[in-house]
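# Inside the fold
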Amino acid sequence: MDASSSRPWYRQLHWQILVAMVAGGIAGLLGGPVMAARVGWLGTLFLELLRMIILPLIFTSIVSGVSSVGGGRNLGRLFSKTLGYYVLSSFLAILAGLAVVNLIRPGAGGAAFTEDVPLPEISTPSSPVDLLLDIVPDNLVAAAAEPNYLAVILFSILLGMSIAALPEEPRSRLVGIFEAGFQAMMKLTAGLIIFLPIGVFGLIARLVGETGFSSFKALGLYILTLATGLTFHLFVTLPLLLVVLGRIRPRIHFRNMAEPLMMAFSTSSSAATLPLTIRNVEEKAGVSNRISSFVLPMGATVNMDGTALFECVGALFIAQTLGADLSLLQQLIVVVTALLASIGAAAVPSAGLVIIFIVLDAVNLRGPEVDALVGAMLAIDRPLDMYRTAVNVFSDTCGAAIIAKSEGETNVDAA
């Protein structure tokens, strides 16, 4: 059970966000541009605080997650299968999001919001080769200062793999250091999220004070787009992976995973759901502890299908609202960035809101107009975050079952 469910309603974050959104809308409507100027800085400050923690969060998260898998031939084989599945499932989730956001085009309805706003200059490498060269940093410190998030993510993955290949003593020492750093960053992230209602109030007050409610027309389509992509991935893509890769019946797997799915939905945290996920995967799905104890903790750290889909849809929604039609190469950059950035998303509520700035910065989508749109997305994110967390957790369980089958375990989902 989510610990917050025992609190009074006014102390629960999603109700606080709702109250802040309504209060900000009323303040902006009554106060107009004057109110927007007076309280808009609260939202700007909150977004700057989120940006502040991006680099240390993704660095410690990726290094601790990748390095903790250890070495050895058998473990190396298991690691390759696990990482391969997680990359595949996240990539398919992003493709689903890319398809629905180009089909529905939710941002087209928000043109009134930006009709007097200069279009940001969208940056992009001239070719896929240039994109690859941009990802590999010649100076890590300079890449972090720019910031070039993709370069930092790549270095973090390679460093984690190198630590995993070390002998036991230095490996365990370094893993402990990075794990402690990651836990500290999760504490800091959770602490900042407490101030989310204040940030939402400032962002919504500024948005309504400057533009009225016209900018909210596109939010309904945005919600529909994101929910459609998540539903397709949950009920079409992942069951197909179960059938094709594991010869596992999806109906039985859904039934066995009902409890962790409900807990993931209610807590919005893959990490909080992990103990129940491991128990159900072992006791109901028939996966051995050897597989579940490796695949599921790694999945809670690096496998974020729903988050990857959200980042792709969110970035393209903002681009469409600003009137920026991204080319195929620019959308490819969004896909690659969303895939890599989702690896660095911590398994805590609303972590994807922090990581989306990486995707936006990859195509130079930044500025007060972008912050206002992110603020609107923040305000309605709680139920969407619950849904994408359930997708994240179900993908983890599918990966555990598929990998167990590939390792010769014959009793997986046999009921």
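Please refer to the structure placed before this passage.
Let us look at the structure shown here.

Right, let's talk about the overall build of the protein chain for a bit. When helices and strands are tallied, the protein chain shows 17 helices and zero strands. Per-residue burial over the protein chain gives 56% buried out of 415 residues. In the structure as shown, the protein chain presents an accessible area of about 16,800 Å², 67% of it carried by carbon and sulfur atoms.

Going through the model one piece at a time under the given rule, you end up with five aromatic pairs. Relative to Phe-394, the ring of Phe-254 lies with its centre 4.3 Å away and its plane at 15°, an arrangement referred to as stacked. Of this pair, Phe-254 sits in helix 9 (residues 250-256) while Phe-394 sits in helix 17 (residues 381-406), placing them 140 residues apart in sequence. For Phe-394, a relative accessible area of 0% puts it in the buried group. Pairwise contacts between aromatic rings join Phe-235, Phe-254 and Phe-394 into one cluster. Its guanidinium or amino end placed over the ring of Phe-310, Arg-388 lies 3.9 Å from that ring's centre, counting from NZ or CZ.

Another aspect to go through is the side chain of Thr-277. Examined against the element boundaries, Thr-277 turns out to sit in helix 11 (residues 270-283). Among residues more than four places away in sequence, those in contact with Thr-277 are Pro-260, Leu-296, Val-393 and Thr-397.

Counting 102 residues, the largest nonpolar core has Val-200, Tyr-222, Ile-318, Leu-360 and Phe-394 as the members making the most contacts within it. For this core, the element with the most residues is helix 17, which contributes 12 residues. Tyr-222 has contacts with Pro-106, Phe-310, Val-313, Gly-314, Phe-317, Met-377, Ile-380 and Leu-384, leaving out every residue within four places of it along the chain. Among the nonpolar cores identified, the runner-up in size contains six residues, and Leu-57, Met-185, Met-186 and Leu-192 belong to it.

A separate point is unusual backbone geometry. Positioned with a positive phi, Arg-105 is a non-glycine residue whose angle comes to about 50°. Inspection of the secondary structure assignment puts Arg-105 in the loop between helix 2 (73-104) and helix 3 (128-135). The class for Arg-105 is partly exposed, based on a relative accessible area of 33%. In this structure, Arg-247 takes a positive phi of about 50° despite not being glycine. The exposed category is assigned to Arg-247, whose relative accessible area is 63%.

What follows is about the pattern of salt bridges. For the structure shown, the criterion picks out seven salt bridges. In this structure, the salt-bridge partner of Glu-407 is Arg-77, at a minimum N-O distance of 2.8 Å. Taken together, the positions of Glu-407 in the segment after helix 17 and Arg-77 in helix 2 put the pair 330 residues apart, joining distant regions of the chain. Judged by relative accessible area, Arg-77 falls into the partly exposed class, the value being 34%. The salt bridge involving Lys-284 is made with Glu-259; its shortest N-O contact spans 3.4 Å. Of this pair, Lys-284 sits in the loop between helix 11 and helix 12 (289-302) while Glu-259 sits in helix 10 (residues 258-267), placing them 25 residues apart in sequence. Residue Lys-284 is classed as partly exposed on the basis of its relative accessible area, which comes to 39%.

So, about helix 6 (residues 168-193). In an α-helix, one full turn covers 3.6 residues, which means residues spaced three or four apart are oriented alike. Taking 1.5 Å as the rise per residue, helix 6 with 26 residues should run 38 Å; its terminal C-alpha atoms sit 37 Å apart, in good agreement. Of the residues making up helix 6, those classed as buried are Arg-171, Val-175, Phe-178, Phe-182, Met-185, Met-186, Thr-189, Leu-192 and Ile-193.

The terminal C-alpha atoms of helix 16 (residues 368-379) lie 17 Å apart, and with 12 residues this matches the ideal 16 Å at 1.5 Å per residue to within 8%. Judged by how many residues are buried, helix 16 sits mostly within the fold: 10 of 12 residues are covered. Considered for burial, the residues of helix 16 that qualify are Val-370, Asp-371, Ala-372, Leu-373, Val-374, Gly-375, Ala-376, Met-377, Leu-378 and Ala-379.

Scoring rules and cut-offs
- Residues numbered from 1 in each chain as written.
- Predicted model: local features only at pLDDT ≥ 70, side-chain atom pairs only at ≥ 80, totals over all residues.
- Heavy atoms only, no water.
- Helix = DSSP H or I, 4+ residues; strand = E, 2+ residues; numbered from the N terminus.
- Buried < 20%, exposed > 50% of the residue type's maximum accessible area, 1.4 Å probe, protein only.
- Areas by Shrake-Rupley, 256 points an atom, 1.4 Å probe, with all protein chains shown as cover.
- Phe/Tyr/Trp six-rings, centres within 6.5 Å; stacked < 30°, edge-to-face > 60°.
- Lys NZ or Arg CZ within 6 Å of the ring centre and 35° of its normal.
- Contact = heavy atoms within 4.5 Å.
- Core = buried A, V, L, I, M, F, W, Y, C linked by side-chain atoms within 4.5 Å.
- Salt bridge = Lys/Arg side-chain N within 4 Å of Asp/Glu carboxyl O.
- Expected span 1.5 Å × (residues − 1).

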